[in-house]
Structures are given as structure tokens and as C-alpha cells.
Amino acid sequence: ASRYQQLDIRNHRPHLTEWRRHGVCCPACGTETRAEYDSTVISAFAFGPRLTSVVGLLTGVYHLSRRMGQQLLYELLGISMSLGALSAMERRVTKALEVGYQEAKRQVEAAPVKHTDATSWVRDGKLKSLWTLATLSATVFSIFDNGRRETILPFFGDRNGILVSDRASVFTFWVMSKRQVCWAHLSRKFKSFSERDGPGGSIGRELLDCTSILFEYWHGYKDGILTRDKLAKLIEPVRKQFEETLERAGRANIGRLSGSCRDILTHREALWTFVTNGDVEPTNNHAERELRAFVLWRKRSFGCRSERGERFAERVMTIAHTARKQGIALLDFIVDSMVAHIDGTSPPKLIANQAG
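Residues numbered from 1 in each chain as written. Predicted model: local features only at pLDDT ≥ 70, side-chain atom pairs only at ≥ 80, totals over all residues. Heavy atoms only, no water.

K.L.:
When you look at the environment of V275 in this model, what are you seeing that I'm missing?
P.N.:
Tracing the backbone shows V275 in helix α10 (residues 273–276). V275 gets classed as buried once you look at its relative accessible area, which sits at 9%. Not counting the four nearest positions on each side in its chain, V275 is found in contact with R228, A232 and I235. (Helix = DSSP H or I, 4+ residues; strand = E, 2+ residues; numbered from the N terminus. Buried < 20%, exposed > 50% of the residue type's maximum accessible area, 1.4 Å probe, protein only. Contact = heavy atoms within 4.5 Å.)

K.L.:
Please explain the pattern of salt bridges as it appears in this structure.
P.N.:
For side chains bearing opposite charge, pairing can occur when the charged atoms are close. Summed over all chains, the structure comprises 25 salt bridges. Ionic pairing is found between R148 and E150, a salt bridge with its closest N-O pair at 3.3 Å. Bridged by salt links that share partners, the residues R123, K128, D145, E307, E310, R311 and E314 form one connected network. (Salt bridge = Lys/Arg side-chain N within 4 Å of Asp/Glu carboxyl O.)

K.L.:
Just to check I follow, could you spell out the state of the cysteines for this structure?
P.N.:
Covalent bonding between the sulfur atoms of two cysteines is what defines a disulfide. Across all of its chains, the model carries 0 disulfides by this definition. Note on C210: no disulfide assigned, nearest cysteine sulfur contributed by C261 at a separation of 11 Å. Note on C210: relative accessible area 3%, which makes it buried. The class of C261 is buried, set by a relative accessible area of 0%. (Disulfide = S-S within 2.5 Å.)

K.L.:
I would appreciate a short explanation of the packing of aromatic side chains in the present structure.
P.N.:
Note on aromatic pairs: each is described by the distance of the centres and the angle between the planes. The final tally for this structure, using the stated rule, is 21 aromatic pairs. Of note, R92 hangs over the ring of F45, and the distance from its end group to the ring centre comes to 3.6 Å. (Phe/Tyr/Trp six-rings, centres within 6.5 Å; stacked < 30°, edge-to-face > 60°. Lys NZ or Arg CZ within 6 Å of the ring centre and 35° of its normal.)

K.L.:
Whenever I open this one, the side chain of E314 confuses me. Can you help?
P.N.:
By secondary structure assignment, the location of E314 is in helix α12 (residues 307–326). Among the polar contacts made by the side chain of E314, one reaches the side chain of R311 at a distance of 2.8 Å. Beyond its immediate chain neighbours, meaning those up to four positions away, E314 contacts Y101, F141, S142, I143 and F294. (Polar contact = N/O pair within 3.5 Å; in protein donor to acceptor, adjacent residues only side chain to side chain.)

Here is the structure:
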């Protein structure tokens, strides 16, 4: 008999399924007849959907190296497989998660408020650019050859809603009135100014004082102490003093300070969006937190070696972060996506809520 085996995990234990195509031999003519191969019954893959999903979880979400993932599977479950098999399983996970990835991307593009940030990534020793777009209900990651405007522009879709970001010049494609500049970035800038001697330090301390008052009012609003109308009234004199200080600093011709202050003033429309829009935060901490797991992964693994590795990283991390926000069991979602991909059926839904 011809034998076909598939190893999977059931009830937290290895489970081996074997199919046999029996053959019989005619005693008269010696002709051997064997049962036909039925691809709808016999799996074409040596490893089942749950084991494949576990591998994707270990290397793509918990960021174990393939060698460590290989060792863990052997020590916990007695499953032995080659590093090449783990790589092939990652490839299958990447394909199975494509629909979920696109679903998360559509959700983020349609959201009324979104946060974005970027960090570096490495592919085979070459520096790349890793971007995120994050909302309360979904997070999407994408890796690009570089962070230039023309390269990343497709990632931002139709540019709907309000974008929360830093002051990077790459964001000029987004209408200023529909942006919110991160005040945490500004606070760090003003802190560095305040540590200077002379007029620069004095200006830095003035700007830092305005920023501290702003955050005090904001936290009062978040804690329910202030209404939105009260917040807006309290912020108005702070805004006036802050912008006057920036204008004075811009005229002072202080190296590595005046130019920054003039640039901040060019973002004037994007400084106060959080005051008039209740869904907007004054910081971009949300996007920075979402990127942190990727940053730690890069530091441990030095990135990846191929474009296929980039697509795996993008998709599995997008699904992991979005599933967490949606309250979905991550492993079950990956398994269901794998099964749907194998069977050619509809994949599970990743987004349960409306865009936001």
C-alpha cells in the first residue's frame, strides 16, 4: 500500500493521520490495481493546520528563531522537523493570512482617526522602512524599501480621516487641517532646548511650561474632571502664549532652535486638533506602542533574509495586533484561516466592529 502521513496537534498532543492506497494483484495476469489518489481526502501537506499555525505563532508572534522554535516543539511535544520545514510552514501561514491582512487594512483606511509611525527594519543586511497605521480596532504593518513619500503613499489609501503623527516632512501629502502633531515629540524637543544655557534655555523652559499645562488640562479632561467646552476654554490662553513664544523664538536666530520653532509654526493647524475633536489624542503613543514589539523583534533577530520573510512578518503581526483589539483568540483565528485556505472556503472574519 502507498502511505501518506500528516502530523498535526490535537488536544495539545501530536496526532498522526495516515492514508493508505491499497493495491491488489490479479493472480491470472499479474496486473496490479491501486486505489486512485483522491486529493480531496489525502492532504498534500505533511503538517496539519494547527501545527502549522503554532509554528507561525512561535516564530512570527513570540519571535523565537526557527532553531529555537524547532527545539521547543521537540522538547514539549516530541515533534522533530527540519528548519526548512518551519520555513515552508511560515510560507503557508503567510498565504492563509492574506485575506485577514487586507481586511485589517480596509478597516484602518476607513477609520476617522488613525495613528502612524515608522522604524527601521533589516532584510539580509539592507536597511528597510517599517510602517504602521493603527486605530482602536485594528493595526496594520508594512515594510518598504525606503521611507520616501512616493514609496509609502499607497499604504495610506485614500487619505481619509485625521492622521496623528510626528512632524516628519514625508507627511505633507496629508491635509494639515486633518492632522494632529504628537505633543510627546514636541515635549522631548522642548526638554532638549531647556537644558541649554542662555536665551535658548529660557525659551525651552517657556515652551515646556506651556506643554506641561496642556497635558495637565488634557488629563483632567480624560479623568472626567473637565468637560470638552471647559478644556477648550482653558487651552485657548495656553495656545496664545505657546504660539507667541514660538514666533519670538523663530525671530531670535538661535542655532538649532529657531528653525525648529518656525517649522512647528508651519504645523499650527495640526497642533490643536485634539481640542475640537473628541476622538483625537494629543500624542502618537498608540502607534509607538504598536511598533515596540517589532523593534524588539528586529533587535533580537536582525530582521529577515527575504521578501517572503517580510510578508510573513507584516501579516502575522497585523493579525496578532488586530485580533487582540477585536478580542479574538489568535491561534484559533490562524487555524481557521489555514483550514479555509486549504479547503478553498471562506476565511474567518477578523473585524467584528465598524471602522474606528
